[in-house]
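Observations on the three-dimensional arrangement
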Amino acid sequence: MTTAPTHSDTATDPGKVELHARNVVFDLSGAPLHWIPNHPMSSNMISVLNLLLPEGERWFVETFNEALPMIKDDALAADIRGFVGQEAMHAEVHDRAVKDWMLDQGVDPTAYLQQMEWIFRRVLGPRENRSAKQKQKDLIERLWLIAAIEHYTALLGDFALNCSWAEKGGHPGMVDMFTWHGAEEVEHRAVAHEAAAYFADSPLRRARSMSLALPFLAWLLLRGFRFINSQDPSVSHLSPLAKSKLAVTSYFRDSRQGVFPKISGLAVATLSYFKPGFTPTDIGDTAQAVAFLATSPGARRAA
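The following paragraphs examine the structure supplied in this document. (Residues numbered from 1 in each chain as written. Predicted model: local features only at pLDDT ≥ 70, side-chain atom pairs only at ≥ 80, totals over all residues. Heavy atoms only, no water.)

Considerations on the overall build of the protein chain
We apply this condition: Helix numbering and strand numbering both begin at the N terminus, where a helix is a DSSP run of H or I of at least 4 residues and a strand a DSSP run of E of at least 2. Computation of the radius of gyration draws on C-alpha atoms, with the globule rule given as 2.2 Å multiplied by the number of residues to the power 0.38. Throughout, exposure labels follow a simple rule: accessible area from a 1.4 Å probe, protein chains only, divided by the maximum for the residue type, with under 20% read as buried, over 50% as exposed, and the rest as partly exposed. Only heavy atoms matter for contacts: two residues are in contact if any of them lie within 4.5 Å across the pair. Residues scored as charged are limited to Lys and Arg (positive) and Asp and Glu (negative), so that His and the chain ends carry no count. Just so you know, the charge point we use is NZ for Lys, CZ for Arg, CG for Asp and CD for Glu.
Of regular secondary structure, the protein chain possesses eleven helices and zero strands. In sequence order, the secondary structure elements of the protein chain are arranged as α-α-α-α-α-α-α-α-α-α-α. Taken over the C-alpha trace, the protein chain has a radius of gyration of 19 Å; the compact-globule value for 303 residues is 19 Å, and the two agree within 12%. Once the C-alpha set of the protein chain is aligned to its principal axes, its extents read approximately 55 × 45 × 35 Å. Residues classed as buried in the protein chain amount to 50% of the 303 residues present. Within the protein chain, residue pairs in contact and separated by at least 24 positions form 86% of the contacts whose partners lie at least 6 positions apart. Separation of charge centres in the protein chain, based on 30 positive and 34 negative side chains, amounts to 7 Å.

Rendered as structure tokens:
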């Protein structure tokens, strides 16, 4: 089983990395719903990403394609094209996971997917019948919201590269898929921030975008978690109170064992977003991400 290299294994800085989409094929055959053995709650919470990410990633792609013609910085434009290619592949991979795996586990995702489509296409999509100035303002607001969301995807990507899923016997295909995605989030972690700052940067914009991104992501994840649990036969029969108690006790155990991120760590990292001189490259290790991507079975299988 391929495991992610640790920070100490990847001390060599690779320098500027050219971003590009990678063809990948992940073998999820035989993966149970609780793909991390003895960790059902963490398995279900992480699996929510298969439902949440495709529409979110497509919204990223649409927004950055809208911004790209306005960017005259050639290096930034090249990074955005690479970012867009990677995000489009992320959406495709998680769509496949839903169709090829989640449905086989007895989870019907239709209702949740319809909600995500409505949120990202109707609520957060571009506004028509507005003046050019209003459209520009709306675009900048969306770019900053994406930059704030990418702060968390980078944090979760760094977690995936250093977690204990493989050591706990996680299904190799699922571990590889989520770690591959996390590694690319670390690899392109600065692009959304730099693109938003290219148009307009201020502490107020950062604060406003983060004040929206944090509760928005938490709500979507918890909603998806409840949705999967409602169709998971191991917990669907429990009362809401019993489910809540199980989730809380599982969180404390799993976070101590490196299976699930610590909320305290995410809170500290949220505050770092407002630190003077903050840069997304403070999160994670590019060398570690690139090293994993070079050895990912899913990437090698498609090469």
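Now that the structure is up, let's keep going.
Some words on the pattern of salt bridges
This is how the line gets drawn: The working definition used for a salt bridge is a side-chain nitrogen of Lys or Arg within 4 Å of a carboxyl oxygen of Asp or Glu.
On inspection of all chains with the given rule, the structure shows 13 salt bridges. A salt bridge links Arg 22 to Glu 187; its shortest N-O distance comes to 3.0 Å. Taken together, the residues span a long stretch of sequence, with Arg 22 in the segment before α1 (40–67) and Glu 187 in helix α5 (residues 172–187) at a distance of 165 residues. Both residues of the pair, Arg 22 and Glu 187, belong to the buried class. One continuous salt-bridge network, built from bridges that share partners, spans Glu 55, Arg 58, Asp 95, Glu 117 and Arg 121.

Focus: a positive patch on the surface
To be explicit about the condition: Like-charged residues are merged into a patch within 9 Å and nonpolar side chains (Val, Leu, Ile, Met, Phe, Trp, Tyr) within 5 Å, provided each residue has over 30% relative accessible area and no salt bridge. Note on areas: Shrake-Rupley, 1.4 Å probe, and residue coverage restricted to the protein chains presented here.
A cluster of basic residues, Arg 127, Arg 130, Lys 133 and Lys 137, forms a positive patch on the protein surface. Inspection of the secondary structure assignment puts Arg 127 in the loop between α3 (110–123) and α4 (132–162).

Observations regarding the nonpolar core
For the record, the criterion: The term nonpolar core refers to a set of buried residues drawn from Ala, Val, Leu, Ile, Met, Phe, Trp, Tyr and Cys, joined through side-chain atoms within 4.5 Å.
Of all hydrophobic cores here, the largest spans 89 residues; its most connected members are Trp 35, Phe 64, Ile 80, Phe 120 and Trp 165. Take this core: its biggest share by element is 15 residues, from α4. Sequence-distant contacts of Ile 80, that is, excluding residues within four places in its chain, are made with Phe 64, Leu 68, Ile 71, Val 191 and Ala 195.

Focus: the packing of α4 against helix α6 (residues 191–199)
Selection rule: Note on definitions: angles span 0 to 180 degrees between N-to-C directions of axes, and those axes are lines fitted to C-alpha atoms, for helices only across the stretch in contact. Orientation categories follow fixed angle ranges, with anything under 35 degrees roughly parallel, anything over 145 roughly antiparallel, 65 to 115 roughly perpendicular, and all other angles oblique. Each helix crossing is assigned a hand: it is left-handed if the near helix lies turned anticlockwise from the far helix by less than a right angle, otherwise right-handed if that turn is clockwise. Ten residue types, Ala, Val, Leu, Ile, Met, Phe, Trp, Tyr, Cys and Pro, are classed as nonpolar, four, Asp, Glu, Lys and Arg, as charged, and the remainder, Gly among them, as polar.
The N-to-C vectors of α4 and α6 enclose an angle of 150°; their axes lie 8 Å apart at closest approach. In terms of orientation, α4 lies roughly antiparallel with respect to α6. Taken as a pair, α4 and α6 cross one another with a handedness that is left-handed. Seen from α4, the contacting residues are Gln 136, Ile 140, Leu 143, Trp 144, Ile 146, Ala 147 and Glu 150; seen from α6, they are Ala 192, His 193, Ala 195, Ala 196, Ala 197 and Phe 199. Considering only residue class, the contact of α4 with α6 consists of ten nonpolar, two polar and one charged.

As for the packing of α1 against α3
The N-to-C vectors of α1 and α3 enclose an angle of 25°; their axes lie 9 Å apart at closest approach. Looking at the two axes, α1 sits roughly parallel to α3. Read as a crossing pair, α1 and α3 show a hand that is right-handed. Of the residues in α3, those in contact with Val 48, Leu 51, Leu 52, Glu 55, Gly 56, Arg 58 and Trp 59 of α1 are Tyr 112, Leu 113, Met 116, Glu 117, Phe 120 and Arg 121.

Considerations on the packing of aromatic side chains
Our working rule: Two aromatic rings, drawn from Phe, Tyr or Trp (for Trp, its six-membered ring), form a pair once their centres lie within 6.5 Å of each other, and the interplanar angle then sorts them: stacked below 30 degrees, edge-to-face above 60, tilted otherwise.
Going through the model one piece at a time under the given rule, you end up with 15 aromatic pairs. Relative to Phe 227, the ring of Tyr 112 has its centre 5.9 Å away and its plane inclined at 40°; by these criteria the two rings are tilted. Pair noted here: Tyr 112 is in helix α3 and Phe 227 is in helix α7 (residues 203–229), with a separation of 115 residues, a long-range link. Neither Tyr 112 nor Phe 227 differs from the other in exposure class; each is buried.

Notes on α5
Quick reminder of the rule: In this scheme, a helix's expected span is set at 1.5 Å multiplied by one less than its residue total.
Taking 1.5 Å of rise per residue, the 16 residues of α5 would be expected to cover 22 Å, and the 22 Å separating its terminal C-alpha atoms lies within 8% of that figure. A large share of α5 lies buried, amounting to 15 of its 16 residues.

Brief notes about the environment of Pro 233
Position of Pro 233 relative to the elements: it lies in the loop between α7 and α8 (240–256). On a C-alpha basis, the gap between Pro 233 and Leu 293 in space is 35 Å, while along the polypeptide they are 60 residues apart.

Structural notes on the side chain of Thr 153
As a reminder, the rule being used: Within 3.5 Å is the distance limit for a polar contact, defined as a pair of N or O atoms, with the added protein rule that one can donate a hydrogen and the other accept it, and that residues adjacent in sequence qualify only through two side-chain atoms.
Here Thr 153 shows up in helix α4. Residue classification places Thr 153 among the buried residues on the basis of a relative accessible area of 18%. From its side chain, Thr 153 meets the backbone oxygen of Glu 150 in a polar contact 3.0 Å long.

Note that all results are geometric; they support no functional claim without further evidence.
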